[in-house]
Amino acid sequence: MRRRALLAALSTGAAGLAGCSFGGDGADDATPATETDTPTHSQPLTGTETGRRPDEPPRPDDPRLVVDLETGPRTYALSPYIEASDGGRVALWFDRTATADHPARLRGWLLNGNDFENTFRVDRLPAVGRVHGSQPDGYDHEASLHLAPTDGNALAATVPEVVRDESGYWRVADVGPWMPETRRLAPGEWVRLEYAVVGESGMPGRPTGTYEFGEDATLSVWDTTSPGPEAESRFAGRSPPALPGDGRVQWYHEADAETAAFVRPSTERLALDGRVDFEMVNHSREGLQCGHWDLYKLVDGQWFHVAPRVHTAECGLLPAGGREEWSLRAFNGDPVACDDGLRGGLTRGYLGGGEYAVVAGYGHQTRESAALVELVGEQVTVRPPESVTSERDGSTVTVTTERFGDGERPPDASFTVREADGGGERLVAEQLMGSGRFGPHGHGLRAALPFFSNGVDRVVVRTDEYGVSEVLGADDGERRFSFRGRSYVVSRGSAGE
């Protein structure tokens, strides 16, 4: 069984680490008496520190997960939880930052949360035994961070030497192995963890990016003085209209070097059909929420929500230093189903050429963050579903969907669309051609609108109660809307009933 040890709320406080002591008087929190620049071997913990406890070991009330280095313009942010396994629990936090005298240090513990004795595969535990971080994208093999165990780490098989190089950053001379393969713990027993955060020998400076130490165990590094994006946006200088809501949005094209959180697109202009990836970057010192994604289209100076139709009730948290990816697979016509490992994102058909906004529900000093992208393609044609049939009688067309007369619940029902003088909301083709959870309220209108031509002024759509509610909602009243310069009114039932 796999369990997560959530490290409480993110904090940026540099002091007040109450409860950080491990059975001593806390003096080593102020002066690192047990750690030198060149430790030679590991030291076992005292009986008090490794005693079998029915509850969790001590840790700060607000574990510090973000530190600004004093050795260079870099910020470190540790992921807020660490994956364990087999009933193990892990907690890690920063107890000090890097200075000219010592590297940044992580402290924490590994606890056997089972009610039985258990052997843990230390070498498989992220950030516990898996202490060599993968390099960020775009760097060579020397761009690696390591969690070097100190004399205060009860699991360490070897304590490596760490030194401060000419660039001012701390690094390790030898990359191990430092940790044992296994450790057997009694029920409730815990061991102390302590690591120096150091770079690879020969590592040029301290490359920014995300270093991974196993599943969900990451250390993000960014420039403290310039956390924002570096690339120039093709939309620089644009002032798009306010999005629905309170209008507080951090646009990517308006971000500068000091912007702490932003949505970064892989491209700002995409030919349909194609894929564009977006990355939400949190270089602030706090967690951001709620992380729902939305797609809007800009038409005649007005934003129209295109997808998705609904969101789950879950509200995600993006921790300090966290990044979340979201992808749009955009098609001008029918969408092509795929199985390419697209986890966070949307595959959407019937998107016409124009400017779109991809909006993430994360923001720092704003409610949301967003990026503009231009999709290049033909205008979308609204056409009825292939399964419908139609019959014309004078200026009236009756459309029958596959839901009508199928003998299944809900019962049959109908709605009528007529031309009107004006009023109501405006709809765009991308909304009408949506389907399922990716279509806005009322996408069933695509069964009616294509038939308004050559003297037709009324269309009756025979469907079921669900199909009617897709257009009218629970209200039995009329709904007015406009589409491509023509106005309509829709009502329940068929004319003359």
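Residues numbered from 1 in each chain as written. Predicted model: local features only at pLDDT ≥ 70, side-chain atom pairs only at ≥ 80, totals over all residues. Heavy atoms only, no water.

**As for the overall build of the chain**
And then number 1: For the chain, the count of helices and strands is three helices and 31 strands.
And then number 2: The buried share of the chain, reckoned over its 497 residues, is 51%.
And then number 3: Considering only contacts within the chain whose residues lie at least 6 apart along the sequence, 73% involve residues at least 24 apart.
And then number 4: Accessible surface, the chain as shown: approximately 22200 Å² in total, 44% of it carbon and sulfur. (Helix = DSSP H or I, 4+ residues; strand = E, 2+ residues; numbered from the N terminus. Buried < 20%, exposed > 50% of the residue type's maximum accessible area, 1.4 Å probe, protein only. Contact = heavy atoms within 4.5 Å. Areas by Shrake-Rupley, 256 points an atom, 1.4 Å probe, with all protein chains shown as cover.)

**Some words on the packing of aromatic side chains**
And then number 1: Tallying each qualifying case throughout the model produces six aromatic pairs.
And then number 2: With centroids separated by 6.5 Å and ring planes inclined at 25 degrees, the aromatic side chains of Y76 and F94 adopt a geometry described as stacked. In this pair, Y76 sits in strand β3 (residues 74-78) while F94 sits in strand β5 (residues 88-96), placing the two residues 18 residues apart along the sequence.
And then number 3: Considering the side-chain rings of W293 and W326, the 5.3 Å spacing of their centres and the 5 degrees angle between planes classify their relative orientation as stacked. Here W293, found in strand β19 (residues 293-299), pairs with W326, found in strand β21 (residues 323-330); they are 33 residues apart in sequence, far enough to count as distant. (Phe/Tyr/Trp six-rings, centres within 6.5 Å; stacked < 30°, edge-to-face > 60°.)

**What to know about the sheet that holds strand β28 (residues 425-427)**
And then number 1: Strand order across the open sheet formed by seven strands is β25-β26-β29-β27-β31-β30-β28, with mixed pairing between neighbours. One side of each edge strand has no neighbouring strand; the edge strands of this open sheet are β25 (389-393) and β28. On average, adjacent strands in this sheet sit at an angle of 25 degrees to one another, irrespective of strand direction.
And then number 2: Across five bridges, the pairing between strand β26 (residues 396-400) and strand β29 (residues 458-464) is parallel. (Pairing = 2+ DSSP bridges. Axes fitted to C-alpha atoms, helices over the stretch in contact; angles between N-to-C directions.)

**A word on the nonpolar core**
And then number 1: Y76, F94 and Y195 are the most contacted members of the largest nonpolar core, which totals 49 residues.
And then number 2: Going through the elements one at a time, β3, β5, β6 (104-112), β8 (145-149), β10 (170-172), β12 (190-199) and β14 (218-223) are the ones with two or more residues in this core.
And then number 3: For this core, the element with the highest residue contribution is β12, accounting for seven residues.
And then number 4: Discounting chain neighbours no more than four positions away, the residues touching Y76 are L65, V66, V67, L69, F94, A104, L145, V197, R206, L219, S220 and V221.
And then number 5: One finds F452, V456, V459 and F483 within the second-largest nonpolar core, a separate group that totals 29 residues. (Core = buried A, V, L, I, M, F, W, Y, C linked by side-chain atoms within 4.5 Å.)

**Thoughts on the sheet that holds strand β2 (residues 66-68)**
And then number 1: In spatial order, the strands read β2-β3-β14-β13; together these four strands make up an open sheet with antiparallel pairing. The open sheet has two edge strands with one neighbour each: β2 and β13 (209-212). Averaged over all pairs of adjacent strands, the angle between strand axes in this sheet comes to 20 degrees, irrespective of strand direction.
And then number 2: Taken together, the five bridges between β3 and β14 define a ladder with antiparallel strand orientation. Across the sheet, residue T75 finds its bridge partner in β14, namely W222.

**Digging into the confidence of the model for the chain**
And then number 1: With 84% of its residues at a pLDDT of 70 or more, the chain has an overall mean of 84.
And then number 2: Ranking the elements of the chain by mean pLDDT puts strand β1 (residues 4-6) last, at 31, and β2 first, at 98.
And then number 3: Note on residues 1-54: pLDDT is under 50 here. Beyond four places in sequence and across chains, it has 129 contacts.
And then number 4: Within the model, the stretch residues 436-442 combines pLDDT values under 50 with 28 contacts to residues more than four positions away or in other chains. (pLDDT = per-residue confidence, 0-100.)

**Some words on the side chain of S487**
And then number 1: For S487, the position within the fold is in strand β31 (residues 486-492).
And then number 2: A residue is classified by how much of its surface remains accessible, and S487, at 16% relative accessible area, is buried.
And then number 3: Beyond its immediate stretch of four places on either side in the chain, S487 contacts R418, E419, A420, D421, G422, G423, F481 and S482.

**Describing the pattern of salt bridges**
And then number 1: A full pass over the atoms with the stated rule returns 28 salt bridges.
And then number 2: In this structure, R121 engages D123 in a salt bridge whose closest nitrogen and oxygen atoms are separated by 2.9 Å.
And then number 3: Judged by relative accessible area, which is 34%, R121 ranks as partly exposed.
And then number 4: Notably, a salt bridge pairs R192 with E194, separated by 2.8 Å at the nearest N-O pair. Pair check on accessibility: R192 and E194 agree, each one buried.
And then number 5: If you follow the salt bridges from partner to partner, you end up with D95, R105, R107, R192 and E194 in one network. (Salt bridge = Lys/Arg side-chain N within 4 Å of Asp/Glu carboxyl O.)

**Some details on the side chain of N282**
And then number 1: Note on placement: N282 falls in strand β18 (residues 274-282).
And then number 2: Only 2.5 Å separates the side chain of N282 from the side chain of S284, close enough to count as a polar contact.
And then number 3: Among all residues touching N282, those that are not within four sequence positions of it are W222, A260, A261, G287, L288, L318, P319, A320, G321 and G322. (Polar contact = N/O pair within 3.5 Å; in protein donor to acceptor, adjacent residues only side chain to side chain.)

**Examining helix α3 (residues 465-472)**
And then number 1: Those residues of α3 that fall on the buried side of the exposure criterion are G467, V468, E470, V471 and L472.
And then number 2: On its buried face, α3 sits against β27 (412-419), β29, β30 (479-483) and β31.
And then number 3: With a side-chain oxygen positioned 3.2 Å from the backbone nitrogen of Y466, the residue opening α3 is D464.
And then number 4: Count one or two residues on from α3 and you reach G473, which has phi positive near 75 degrees.

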